[in-house]
Structure formats: C-alpha cells, structure tokens
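Chain by chain, the residues run as shown.
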Amino acid sequence: MEIRYHDDAVVELEFDSKLHAYRADGDPVPSATKVLGIIAKPALVPWALKMGSEWLERNLFVADGEEAGTLKYTSRLTLDAIMKGVKSAHRSSSGNALGIGTDTHTWIEEAVNIFIDGDGHFGDDNIPDLPEDPETNNSCSAFLEWVAENDIHFEHSEARIYNRLDRYAGTVDCIATVNGVKSVIDWKTSKGIYPEYHLQVAAYAKAWEDMSGEDIDQTVVLRLDKSSGRYQVGAQSRREWNQNFDLFLNALGLYNGLKRLK
C-alpha cells in the first residue's frame, strides 16, 4: 500500500501477513511489536510451569473419593507422551488467548468501520452480532461499555504506519478523539496492562504524527477483560507518551544492534 505523508512524501509499505513482516520501499523494517519482543518477560516462566502442572493434574489424576482433597493416579500415558504434554501445555493456552484477541480485534474493526462509514453513533441496529464464544463476547461487550460511557469520535481503524526517521512500521488499532482528546488507541484482551504496551502505542503515536502532521494528545491502552466483561483504561498524556517513546527508541537501538551482530 502507498502511504502519503502530510508533506506529500510517499512510501510504499508492504505487509506480509504470513510472516507478519513489513517492507518500506522494498527494504525490510521491523514492526514495533517485534522490536518490543526483545524485552524480557520473566512472568512467562512461572506461567508456563503453571500450565504444565495443570495439564498433569487434568490428564494423570482424578479425585479420590475416599479422602477429600486427594488425587488418585489413573493415567496410562507413556512417559514420552507425558513429557510432550507438559512441554506443549502453554502453547495451547496461549493459542487460545491469541484466538480470543484476534476475534475481538476483528469484531471491533467491523464495528468501528460501521461507525466511521455510517451516521456516527453506535446503536442496537448498527453493530455486528456479538461473537458466540463467551470470552470473546465478554471482551466485545467491554468495548461497547467503554463506548457508551465516553464521547468518542472514531477516525481511523487498523491503519498501517511507518516512521521515516526511525524506520519501523506497525498497524495501529484506532485513531479517535476521546472526550475531546486526540488519541492513539490499542485494544488488549490480556490479563493486565503491561509496561511495554505503553511503549508500543507511543511508537504508533510518533509514527502517526510523522504521517499526518497532527498532534497526538494521549495514548490509550484499552484492556477488554475476557473474564469479567469490564474494561480498563491505561492513558498516557502527551508528555508521558513522549517519554515512553524515548524508551521505545532504546529498545529499537538494541534490536537493530543485535541484528547487525548476527
């Protein structure tokens, strides 16, 4: 696709959906999310162990009716099958979470595009049917609750971005004016708002300013809880998100430096 900047410059930005990779004018450039992948996530290790232990409990034991709170070993699985099951348990869990996030993003994109292309408001008669999956349904319902409780003017959805100076790309979930404040927004269905999310939306905000010539007054990470159906807002002012962008540049410098060493 062709990106035209506010100063009439043009960049051809290509996106390979299978590889989740970008090229700008034919040259490979990293995505903001790939850059932030270099940040260590120590909480993932105990989480993966927890997934493995829960798999063991589900597949190897049943409750022992003779004594409350005790389990009885019942599995006929081979040791090899047990090892494979424990090692892959976290993958099935993360895959399910990824599917919920993808389906939620798809539903919101359709709903927001109806808003952008239509009469400028959401109503019972102009939103897509909510997904049947309970957790995806909860996340989408949380989004609708956020819309109902705020004054939001949606302007762009799933917009490709590219920062010419620092040479990174990405896809920003939403550009909108929220309660009178120009905002870059990213939807999340995770269990929390993690620090690197703020760096991600700061990178998007800086790239959008480069492209549009507009000032972004705040970044918003909107967490749509798939269990409770409630939302959580992580907003950062213009001063704060510019500080976050400096941190993103540190990660980008490390990412590019490590690539050169390979």
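Report on the accompanying structure. Since the structure is predicted, the reported quantities are computational estimates derived from the model, not experimental observations.

What counts and what doesn't
- Residues numbered from 1 in each chain as written.
- Predicted model: local features only at pLDDT ≥ 70, side-chain atom pairs only at ≥ 80, totals over all residues.
- Heavy atoms only, no water.
- Pairing = 2+ DSSP bridges.
- Helix = DSSP H or I, 4+ residues; strand = E, 2+ residues; numbered from the N terminus.
- Axes fitted to C-alpha atoms, helices over the stretch in contact; angles between N-to-C directions.
- Core = buried A, V, L, I, M, F, W, Y, C linked by side-chain atoms within 4.5 Å.
- Buried < 20%, exposed > 50% of the residue type's maximum accessible area, 1.4 Å probe, protein only.
- Contact = heavy atoms within 4.5 Å.

1. Digging into the sheet that holds strand β1 (residues 2-4)
The four strands are arranged β1-β2-β3-β4 in an open sheet whose pairing can be described as antiparallel. Looking at which strands have only one partner, the edges of the open sheet turn out to be β1 and β4 (27-29). For this sheet the average axis-to-axis angle between neighbouring strands, irrespective of direction, equals 35°. Note: strand β3 (residues 21-24) against β4, three bridges, orientation antiparallel. Residue pairing for β4: Tyr22 is matched across the bridge by Val29.

2. Points about the nonpolar core
In terms of nonpolar packing, the biggest core is built from 33 residues, with Ile161, Tyr162, Tyr168 and Phe248 touching the most fellow members. Within the residue set of this core, elements represented by two or more residues are β2 (10-16), β3, α1 (32-36), β7 (152-163), β8 (168-178), α5 (195-212) and α6 (238-261). No other element matches α5, which puts eight residues into this core. With near-sequence residues (within four places) excluded, Tyr162 lies in contact with Ile3, Tyr5, Val11, Leu13, Ala24, Val29, Arg167, Tyr168, Ala169, Ala207, Asp210 and Met211. Judged by nonpolar contacts, the second largest core, of 20 residues, contains Ile108, Cys174, Ala176 and Val178.

3. Observations concerning the side chain of Thr104
Structurally, Thr104 can be placed in helix α3 (residues 79-117). Leaving out residues up to four positions away in the same chain, Thr104 has contacts with Thr136, Ser139, Cys140, Thr189 and Leu224.

4. With respect to the sheet that holds β7
Read across the open sheet, the five strands follow the order β7-β8-β9-β10-β11; overall the sheet is mixed. Among the strands making up the open sheet, the edge pair consists of β7 and β11 (231-237). Taking each pair of neighbouring strands and ignoring which way they run, the sheet shows an average axis angle of 30°. Looking at chain direction, strand β10 (residues 218-224) and β11 are connected through seven bridges and run antiparallel. Counterpart to Leu222 in the pairing with β11 is Val233.

5. Concerning the environment of Leu252
Structurally, Leu252 can be placed in helix α6. With near-sequence residues (within four places) excluded, Leu252 lies in contact with Pro30, Val35, Asp166 and Tyr168.

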